[in-house]
Structures are given as C-alpha cells and as structure tokens.
Amino acid sequence: TNNNYSDHTYRKFVVDQLKAILDFKGYSSIDSEIFILWAETCKLPENSFLCVGNNPDSPYAVFMVPPLEGERPGPFAHRLRKDEAIVQIGVTPPTSKYFGMVEYLNNVQRDNKSLDGDTRNHIQASLSDPINPSNINVTSNGTYNDAFDKNFVMITTADRTIFDAIKSALISVGVPGEIINLQVSSRLVVLLKLDCLGVTKLLFCISEFC
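Criteria and cut-off values
Residues numbered from 1 in each chain as written. Predicted model: local features only at pLDDT ≥ 70, side-chain atom pairs only at ≥ 80, totals over all residues. Heavy atoms only, no water. Patch = residues over 30% accessible without salt bridge, like charges linked within 9 Å, V, L, I, M, F, W, Y side chains within 5 Å. Areas by Shrake-Rupley, 256 points an atom, 1.4 Å probe, with all protein chains shown as cover. Salt bridge = Lys/Arg side-chain N within 4 Å of Asp/Glu carboxyl O. Helix = DSSP H or I, 4+ residues; strand = E, 2+ residues; numbered from the N terminus. Core = buried A, V, L, I, M, F, W, Y, C linked by side-chain atoms within 4.5 Å. Buried < 20%, exposed > 50% of the residue type's maximum accessible area, 1.4 Å probe, protein only. Contact = heavy atoms within 4.5 Å. Expected span 1.5 Å × (residues − 1). Axes fitted to C-alpha atoms, helices over the stretch in contact; angles between N-to-C directions. Parallel < 35°, antiparallel > 145°, perpendicular 65-115°, else oblique. Left-handed = near helix turned anticlockwise from the far one by under 90°. Pairing = 2+ DSSP bridges.

Chemist: How do you make sense of a nonpolar patch on the surface when you look at a structure like this?
Modeler: A surface patch of nonpolar side chains, amounting to about 270 Å² of accessible area, comprises I34, I36 and W38. If you trace the backbone, I34 turns up in strand β1 (residues 33–37).

As structure tokens, this is what we get:
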C-alpha cells in the first residue's frame with residue numbers, strides 16, 4: 001500500500017477508519033470538499049465576489065464545509081460550534097516560496113441591514129497565525145525547505161477533548177503523531193455558534209509551481 005496521502009485510495013482508507021472510530025464513540029461527521037481559486041479564476045469579473053483581497057500571485061484552496069441543520073449556508077463560509085472540529089488530511093504543497101493554512105473570520109451578524117440590504121458585517125481577518133513551513137508538524141529534518149510535499153493532518157477546533165479524541169483515533173489507524181497539527185479556534189476570540197459568525201478556512205501557496 002502507498003502510505004502517502006496524495007494517494008486517494010489510502011487517504012480514503014484513513015478517513016473511513018477515522019469516521020468509524022469516531023462514530024463508535026458517539027461523534028458524527030460529514031465530508032467536505034475543497035475549491036481551488038486560481039489566479040485566472042479571480043481575474044474574471046463574475047468571480048470578483050469570490051476573491052476578496054486575495055494575493056494575485058497565489059492560488060488558494062478554500063474548504064467547502066456543508067451547512068448543518070439550522071445553519072445559514074454561505075459560498076465559502078461555515079459556522080463552527082465550540083464542540084466541533086475540521087479535520088484536514090493531505091499533503092503539503094510542492095516546493096514553493098511559502099504556503100500557509102489559516103482560518104479567517106469572514107462575516108458576523110449585524111443588528112441592522114446595510115443600505116444594500118446585507119445583514120452581515122464582512123470582516124476578512126485571520127483568527128490565528130498561519131500554519132506554514134516554519135511551524136507545521138511533518139516528518140522532516142526540521143528545516144523550512146523539508147516541509148513541502150509531506151503528509152500532514154490538521155485539526156481545527158476550540159475543544160481540547162475533541163482534539164484528543166480525533167488524535168487518538170488517527171494514531172490508532174496508523175497516522176504518525178508527529179504529523180498531527182492543532183489549529184486553535186479560541187473561544188476567547190470569537191463566539192462559536194451556528195447563527196453568529198462565518199469562518200473561512202484557507203490554504204494558500206506562493207509560487208508559480210503550486
């Protein structure tokens with residue numbers, strides 16, 4: 001078996017085993033997709049609303065997390081409760097100048113509608129420092145240049161119990177603990193509830209080769 005997360009068959013095996021373990025422990029899970037925003041995509045006028053303040057030289061990967069019951073859907077934004085987590089299993093970008101993974105506060109509910117009828121305040125601010133080649137947990141020699149094209153797992157959550165449960169399940173199916181990363185959504189920074197705020201999870205890469 002090719003134990004590389006770029007291999008769809010092996011990645012699906014890990015995901016299916018993880019979901020089975022978490023389901024047995026009483027957790028529920030849903031699959032999500034990733035939407036790639038290439039520079040060419042953002043140049044099209046009809047896509048201007050998708051590319052708000054993007055670096056024009058950087059492709060972006062946006063996580064399309066399905067809305068839960070009672071949650072207001074958005075094109076890229078999702079709501080995250082304090083007892084939820086997003087789990088990303090994959091491979092870091094190929095050799096490039098830089099990559100980063102971060103959650104952005106996309107929008108929040110406003111008390112009154114704006115002049116154009118919008119009921120949301122659009123913030124577009126990062127919620128933490130990005131996970132990048134300097135600090136990501138991967139199997140490497142510890143240098144910046146050895147963080148590319150490597151297996152990794154990212155768990156984004158505000159709940160330590162959820163993180164520990166997911167990490168334990170991943171290790172039990174053969175995922176090395178050294179490649180598991182925690183990206184904290186602080187309860188002290190944002191109010192995590194279904195109807196309060198919209199969060200966008202991004203992966204961006206700076207290089208013509210990404």
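Chemist: Looking at this structure, how should I read the nonpolar core?
Modeler: Most often, soluble globular proteins keep nonpolar side chains buried together rather than apart. In this structure, Y5, V14, V153, L170 and V175 are the most contacted members of the largest nonpolar core, which totals 17 residues. Residue assignment for this core shows that the elements contributing at least two residues are α1 (8–24), β6 (151–157) and α3 (160–172). No other element matches α3, which puts five residues into this core. When neighbours within four sequence positions are excluded, V175 is seen to be in contact with Y5, V14, V153, L170 and I180. Counting nine residues, the second largest nonpolar core, distinct from the first, contains F99, I136, V138 and F152.

Chemist: Help me understand the environment of D7, please; the structure alone is not making it clear to me.
Modeler: Within the secondary structure, D7 is located in the segment before α1. In this structure D7 comes out as partly exposed when scored by relative accessible area, which is 25%.

Chemist: How should I be thinking about the environment of F99 in this particular structure?
Modeler: Mapped onto the elements, F99 comes out in strand β4 (residues 98–109). For the pair F99 and P59, spaced 40 residues apart in sequence, the C-alpha separation works out to 9.9 Å.

Chemist: What should I look at first to understand α3 in this one?
Modeler: Residue pairs three or four apart in sequence face the same way in an α-helix, which turns once every 3.6 residues. With 13 residues, α3 extends 18 Å from end C-alpha to end C-alpha; this agrees with the ideal 18 Å at 1.5 Å per step. Tucked into the core, α3 has its buried residues touching α1, β3 (85–91), β6 and β7 (180–184). After α3 finishes, the residue G174 shows a positive phi value of roughly 100°.

Chemist: When you look at the packing of α1 against α3 in this model, what are you seeing that I'm missing?
Modeler: When two helices pack together, you describe them by how their axes are tilted relative to each other and by the distance separating the axes. Two elements in contact, α1 and α3, have axes whose closest approach is 9 Å; the angle formed by their N-to-C orientations is 130°. As summarised for this structure, α1 and α3 are arranged oblique, according to the angle between their axes. The handedness of the crossing between α1 and α3 comes out as right-handed. Mapping the contact onto sequence places V14, L18, I21 and L22 in α1 and A165, I166, A169, L170 and S172 in α3.

Chemist: When you look at the sheet that holds β7 in this model, what are you seeing that I'm missing?
Modeler: Strand-to-strand pairing in sheets goes through backbone hydrogen bonds, with the strands running parallel or antiparallel. The mixed open sheet is built from three strands, whose spatial order is β3-β6-β7. The two strands at the open ends of the sheet, each matched to only one other strand, are β3 and β7. Each strand of the sheet is rotated relative to its neighbour by a mean of 20°, with strand direction disregarded. Where β3 lies against β6, seven bridges are found, and the strand directions are antiparallel. For A85, the partnering residue across the bridge sits in β6 and is T157.

Keep in mind these values describe shape, not function.
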